[in-house]
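Architecture and fold: a report
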Amino acid sequence: MTITAHPAWQALEAHYRVIRDRHLRELFADDLKRGERMQAEAAGIYLDYSKSRITEETLLLLFDLAEAVDLRGRIDAMFRGDKINVSEQRAVLHVALRAPRDGTILVDGENVVPTVHAVLDRMAEFSDRIRSGDWTGHTGRSIRNVVNIGIGGSDLGPAMAYEALKYYSDRAMIFRFVSNVDGTDFAEAVRDLDPAETLFIVSSKTFTTLETMANAQAGRAWALAGLGGDEKAIARHFVAASTNAAEVTKFGIDTANMFPFWDWVGGRYSMCSAIGLSTMIAIGPDYFRDMLAGFHAMDEHFRTAPFEQNLPVLLGLLSVWYNDFFGAQTVGVFPYEQYLKRFPAYLQQLTMESNGKRVTLAGTSVDCDTGPIYWGEPGTNGQHSFYQLIHQGTRLVPCDFIAFGQPLNPLGQQHDMLLANVFAQGEALTFGKTAAEVRDEGSPDWLVPHRTSLGTVHPTRS
């Protein structure tokens, strides 16, 4: 049976036809406790989903759909280490990367947690040596610049994490990230750096990725040119996040400075592994482990919380609701936090790398829309760029707003202004502004259509 033929899907189709034209103004008016009930909290994250176009019945039907596809069973299978990546016959165990030392997560009967922590300990020891100046380059000078070379998950994760955690980073050091095979990316990254003080981290599981190795060879040539051409210099200015010892050695890197990860770690989930070495050097091992503890807290919430209070499950089901029933093709993600400026780009790979496939796990064609397109920019920048289309255009664009209660950089009243903006945008997109309200504000009749915003009423599919 295809998913769209399942009674749970059919029930959602029927429910959609009933609810599709109801405005959130009406839903809030009919349910004064809506904002209190449609919320969940876990691991320091508060989720308000009351402004979604749903009712309690919608949620119950979505939970029925989750049961119909055995979502709980799939979650349990992932945490058990089952090979749920059927196309590559691999386990999917990024959760093992942030499990505590005394945890047990099995892959083919072996507990991989001790191995994970052995690599983390090696990363920590190396990071401390770099940060303290104990590790020196070929000429005896300390490392002040770190250039991460990777692509995909070997770039997007570390680059996003570095920007997100920059407040906690060692500001005496410079961190750059190179991914594009376009030579401009590399040239600009190293233009103002001194080879004698620069460390390259080459992040490639196989050490054969075309773009990564092209940039690694460019880095090798640049370093040798600045260090007198001595091949021995490579071992002091290059380390690797890889599993291919032969290729790493051939490049000139000492395998003692090769930090491995595993085939049960998908690239887009790998920032908690050795791929995150640049992040650990930037913020230090203690903060890096704090980050892993936060990931683990959310992992445990995802694994154990009932669907009614499960943040990842709720967000996933809402995505299905908008994408497959309302026909919304995109999701806007708008962090009202400058440190998260790279988060939408990271999220694009995280959500779109596999979720858009046109076939099922069994290899048969799907009969519904697959994953939506994720995009976004930080607030308040986007408000002066593309928000008008969302407010007054003809497309339905579900939006996720991310904000923080306390600023890391207090500057007068600016954080209050930032929060006021994010709350105001959510309210405006939920309720809109009617023609009558625009007239009451004093707008002339000819201008009323141009200032009216329909809020959650958009053309919907039949």
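In what follows, the structure referred to is the one given above.
Residues numbered from 1 in each chain as written. Predicted model: local features only at pLDDT ≥ 70, side-chain atom pairs only at ≥ 80, totals over all residues. Heavy atoms only, no water.

For the rest of this paragraph, the subject is helix α13 (residues 285-304). The end-to-end C-alpha distance of α13 is 28 Å, a good match for the 28 Å that 20 residues give at a rise of 1.5 Å each. Of the residues making up α13, those classed as buried are Pro285, Phe288, Met291, Leu292, Met298, Asp299, His301 and Phe302. Where α13 is buried, its residues meet β1 (39-42), β2 (45-48), α5 (71-80), α6 (113-132), α12 (277-283) and α14 (311-325). (Helix = DSSP H or I, 4+ residues; strand = E, 2+ residues; numbered from the N terminus. Expected span 1.5 Å × (residues − 1). Buried < 20%, exposed > 50% of the residue type's maximum accessible area, 1.4 Å probe, protein only. Contact = heavy atoms within 4.5 Å.)

On to the nonpolar core, then. The nonpolar side chains of a soluble globular protein tend to be buried with one another. The biggest cluster of nonpolar side chains holds 95 residues, and the ones touching the most others in it are Met123, Phe126, Trp264, Ile281 and Trp321. In contact with Trp264, not counting residues within four places along its chain, are Ala91, Val92, Leu93, His94, Ala96, Leu97, Val107, Val112 and Val116. Judged by nonpolar contacts, the second largest core, of 24 residues, contains Phe186, Leu193, Phe207 and Leu224. (Core = buried A, V, L, I, M, F, W, Y, C linked by side-chain atoms within 4.5 Å.)

On to the pattern of salt bridges, then. If you walk through the whole model with that rule in mind, you get 24 salt bridges. Across the pair Glu36 and Lys33 runs a salt bridge whose closest N-O atoms are separated by 3.8 Å. The exposure class assigned to Lys33 is partly exposed, which follows from its relative accessible area of 48%. Here the salt bridges do not stand alone but share partners, grouping Arg22, Glu26 and Asp30 into one network. (Salt bridge = Lys/Arg side-chain N within 4 Å of Asp/Glu carboxyl O.)

Attention now moves to the side chain of Asn148. Positionally, Asn148 belongs in strand β5 (residues 145-149). Assessed through its relative accessible area of 0%, Asn148 is described here as buried. A polar contact of 3.3 Å, which involves the side chain of Asn148, links it to the side chain of Ser203. Look past the residues within four positions of Asn148 in its chain and what remains in contact with it is Ser154, Asp155, Arg176, Phe177, Val178, Ile201, Ser203, Ile275 and Ser278. (Polar contact = N/O pair within 3.5 Å; in protein donor to acceptor, adjacent residues only side chain to side chain.)

Of the voids in this model, the second largest pocket is the one considered here, and its volume is about 450 Å³. Gln338, Asn409, Gln414, His415 and Leu418 are the residues nearest the centre of the second largest pocket, which is lined by 17 residues in total. When grouped by side-chain class, the residues that make up the lining of the second largest pocket number eight nonpolar, eight polar and one charged. (1 Å grid on protein atoms, 1.4 Å probe; cavity = no way out; pocket = protein on both sides within 12 Å on 5 of 7 lines; lining within 4 Å. Points joined across faces, edges and corners; volume = space filled by probe spheres on them. Nonpolar A, V, L, I, M, F, W, Y, C, P; charged D, E, K, R; others polar.)

At a closest axis distance of 10 Å, the pairing of α6 and α13 adopts a crossing angle of 150 degrees. Side by side, α6 and α13 meet where His117, Leu120, Asp121, Met123, Ala124, Ser127 and Asp128 of the first sit next to Pro285, Phe288, Arg289 and Leu292 of the second. The residue inventory of the contact of α6 with α13, partitioned by class, reads six nonpolar, two polar and three charged. (Axes fitted to C-alpha atoms, helices over the stretch in contact; angles between N-to-C directions.)

The next subject is the sheet that holds strand β7 (residues 198-203). The parallel open sheet is built from five strands, whose spatial order is β6-β5-β7-β8-β9. The sheet is open, and its two borders are formed by β6 (174-178) and β9 (258-259), each paired with just one other strand. As paired elements, β5 and β6 share five bridges and run parallel to each other. From the neighbouring strand, Asn148 faces β6, where its bridge partner is Phe177. Docked against the sheet, helix α7 (residues 153-164) engages β5, β6 and β7, running at close to 150 degrees with respect to β6. Running at roughly 160 degrees to β7, helix α9 (residues 210-226) makes contact with β5, β6, β7 and β8 (238-241) of the sheet. (Pairing = 2+ DSSP bridges.)

Residue placement: Ser50 occurs in the loop between β2 and α4 (56-68). Not counting the four nearest positions on each side in its chain, Ser50 is found in contact with Leu24, Phe28, Arg34, Gly35 and Met38.

Right, let's get into unusual backbone geometry. One can expect most non-glycine residues to show negative phi and most peptide bonds to be in trans. Geometrically, the link from Gly379 to Thr380 is a cis peptide bond, its omega value of 10 degrees lying close to zero. Residue placement: Thr380 occurs in the loop between β11 (373-375) and α16 (387-392). For Ala43, which is not a glycine, the phi torsion comes out positive at approximately 50 degrees. Mapping Ala43 onto the fold places it in the loop between β1 and β2. The exposure class of Ala43 is partly exposed, given its relative accessible area of 47%. The phi torsion at Asp108 lies on the positive side, around 55 degrees, for a residue other than glycine.

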